[in-house]
Amino acid sequence: MKWDNLPQRFFTDEFLNALYQRYKVDSSIHDALRQRLENSAREWYYLRNVEDVDATPREVRHSLNKIARLANELSAHLTNVPSAVWSALVETNDTVNQNRYVLGVHHDSHHYPELGLIGSPAITVVGDNEHDPFVTISVSDLTEAMSALASTADIASQIIPKVTQGPPPDKPLRKWMADMSNMWRITLERPFTFADYKGEPISGAACFCVNVYEHLSPETPVSRVLREMKKRKATEKALNIEFRALE
């Protein structure tokens, strides 16, 4: 294959300049587009070379549904917890945690109930940054994170394809195509339209995807790239996803 090792850059200036010219990309977004293309290509490379841990689509869907349900329940519960509960947790933390001023559950602002000041609850843990190891997460941020996790897991459970006859799905191409859809709508602010004629792309977005993917994976047939784009369009329509740029 073309990329036996991870390159420093997937796209040369010559290739990018030709791309900018062909698709009339404004110079103000050249850097942003290059960065998104490189990031997508790097993730594509890793997905192509590192397989997911084996799990059936049914197992993945079941786990995603469970994550969505539990994350939603936790988010709702955290939102409605009485302040007395957080006071109990902070008091417990002060009792059992010798490093109480750094780690555990605490109030991240002044907490004087007798004066009507109710501090915001937060949790401090040790992260993986050795230069700044302590990470403080406000409970309000945690609640938002659980809502986002639940929403994403719910959508992902709908996207997971059912087991069908034929070759296994091309996961690296599928993820890369999702990136291209987002890039066209957000970075280029253009509709991600699909159109072909006798197996050849004719819409701008379709031509772009074929051009770029041919550079990444010249051994992949154009028909497979177009088929994956068509699937992506169908998935977006089925999920009724809203995008910044209109169709």
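Undergrad: Just to check I follow, could you spell out the pattern of salt bridges for this structure?
TA: Two side chains bearing opposite charge may form a pair once their charged atoms approach each other closely. Applying the stated criterion to the full structure yields seven salt bridges. Taking the shortest distance from any N to any O, the salt bridge between Asp13 and Arg9 comes out at 2.9 Å. On the accessibility criterion, Asp13 (46% relative accessible area) is partly exposed. Judged by its relative accessible area of 36%, Arg9 falls in the partly exposed class. Among the salt bridges present, the one from Arg69 reaches Glu73, with a minimum N-O distance of 3.7 Å. With Arg69 and Glu73 both in helix H3 (residues 57-79) and four residues apart, the pair spans about one turn of that helix. We classify Arg69 as partly exposed; its relative accessible area is 44%. Sharing partners across several salt bridges, the network here consists of Glu43, Lys175 and Asp179.

Undergrad: Can you help me understand the packing of aromatic side chains in this one?
TA: The geometry of two aromatic rings is summed up by the distance between their centres and the angle between their planes. With the rule as written, the count across this model stands at seven aromatic pairs. With 6.0 Å between their ring centres and 80° between their planes, Trp44 and Tyr213 make a pair best called edge-to-face. With Trp44 in helix H2 (residues 30-49) and Tyr213 in helix H7 (residues 204-216), the pair connects residues that are 169 residues apart, well separated along the chain. Judged by its relative accessible area of 2%, Tyr213 falls in the buried class. Members of the aromatic cluster, connected to one another through ring pairs, are Phe10, Tyr45 and Tyr46. Cation over ring: Arg190 sits above Trp184, and NZ or CZ is 5.6 Å from the ring centre.

Undergrad: Explain H3 here, please?
TA: Side chains that are three or four residues apart share a direction in an α-helix, a result of its 3.6 residues per turn. The first and last C-alpha atoms of H3 sit 33 Å apart over 23 residues, in line with the 33 Å expected at 1.5 Å per residue. Three or more residues of H3 are buried, namely Leu64, Ala68, Ala71, Ser75 and Leu78. Structurally, H3 contributes buried residues whose contacts are with helix H4 (83-96) and helix H5 (139-159).

Undergrad: How should the packing of H7 against helix H8 (residues 222-239) be read in this particular structure?
TA: For any two helices packed against each other, the geometry is given by the interaxial angle and the distance between the axes. Axis separation between H7 and H8 bottoms out at 10 Å; the angle between their running directions is 130°. Of the possible angle classes, the one that applies to H7 and H8 is oblique. You can see that H7 and H8 cross each other, and the crossing is right-handed. On H8, the residues that touch Ala205, Ala206, Cys209, Val210 and Tyr213 of H7 are Val222, Val225, Leu226 and Met229. Its residues placed into classes, the contact of H7 with H8 shows nine nonpolar, no polar and no charged.

Undergrad: Mind showing me how you'd approach the state of the cysteines here?
TA: By definition, a disulfide links the sulfur atoms of two cysteine residues through a covalent bond. Inspection of the entire model under this criterion finds zero disulfides. Note on Cys207: no disulfide assigned, nearest cysteine sulfur contributed by Cys209 at a separation of 9.5 Å. With relative accessibility at 12%, the residue Cys207 sits in the buried group.

Undergrad: In this structure, what is going on with the confidence of the model for the chain? I would like to understand it.
TA: Do not read the predicted coordinates in detail wherever pLDDT is low. Residues with a pLDDT of 70 or more make up 85% of the chain, whose mean pLDDT is 85. Across residues 243-247, confidence stays below pLDDT 50; counting only partners more than four residues off in sequence or on other chains, it has 14 contacts.

Undergrad: Looking at this model, I keep getting lost on a nonpolar patch on the surface. Mind explaining?
TA: Together, Val125, Val135 and Ile137 give the surface a local cluster of nonpolar side chains, amounting to about 190 Å² of exposed area. Here Val135 is to be found in strand S3 (residues 134-138). The exposure class assigned to Val135 is partly exposed, which follows from its relative accessible area of 35%.

Undergrad: Please clarify how the side chain of Thr124 should be interpreted in this entry.
TA: Tracing the backbone shows Thr124 in strand S2 (residues 121-126). When its relative accessible area of 5% is taken as the criterion, Thr124 is described as buried. At 2.7 Å, the side chain of Thr124 forms a polar contact with the side chain of His106. A distance of 2.8 Å separates the side chain of Thr124 from the side chain of Thr136, its partner in a polar contact.

Cut-offs used in this document
- Residues numbered from 1 in each chain as written.
- Predicted model: local features only at pLDDT ≥ 70, side-chain atom pairs only at ≥ 80, totals over all residues.
- Heavy atoms only, no water.
- Salt bridge = Lys/Arg side-chain N within 4 Å of Asp/Glu carboxyl O.
- Buried < 20%, exposed > 50% of the residue type's maximum accessible area, 1.4 Å probe, protein only.
- Helix = DSSP H or I, 4+ residues; strand = E, 2+ residues; numbered from the N terminus.
- Phe/Tyr/Trp six-rings, centres within 6.5 Å; stacked < 30°, edge-to-face > 60°.
- Lys NZ or Arg CZ within 6 Å of the ring centre and 35° of its normal.
- Expected span 1.5 Å × (residues − 1).
- Contact = heavy atoms within 4.5 Å.
- Axes fitted to C-alpha atoms, helices over the stretch in contact; angles between N-to-C directions.
- Parallel < 35°, antiparallel > 145°, perpendicular 65-115°, else oblique.
- Left-handed = near helix turned anticlockwise from the far one by under 90°.
- Nonpolar A, V, L, I, M, F, W, Y, C, P; charged D, E, K, R; others polar.
- Disulfide = S-S within 2.5 Å.
- pLDDT = per-residue confidence, 0-100.
- Patch = residues over 30% accessible without salt bridge, like charges linked within 9 Å, V, L, I, M, F, W, Y side chains within 5 Å.
- Areas by Shrake-Rupley, 256 points an atom, 1.4 Å probe, with all protein chains shown as cover.
- Polar contact = N/O pair within 3.5 Å; in protein donor to acceptor, adjacent residues only side chain to side chain.

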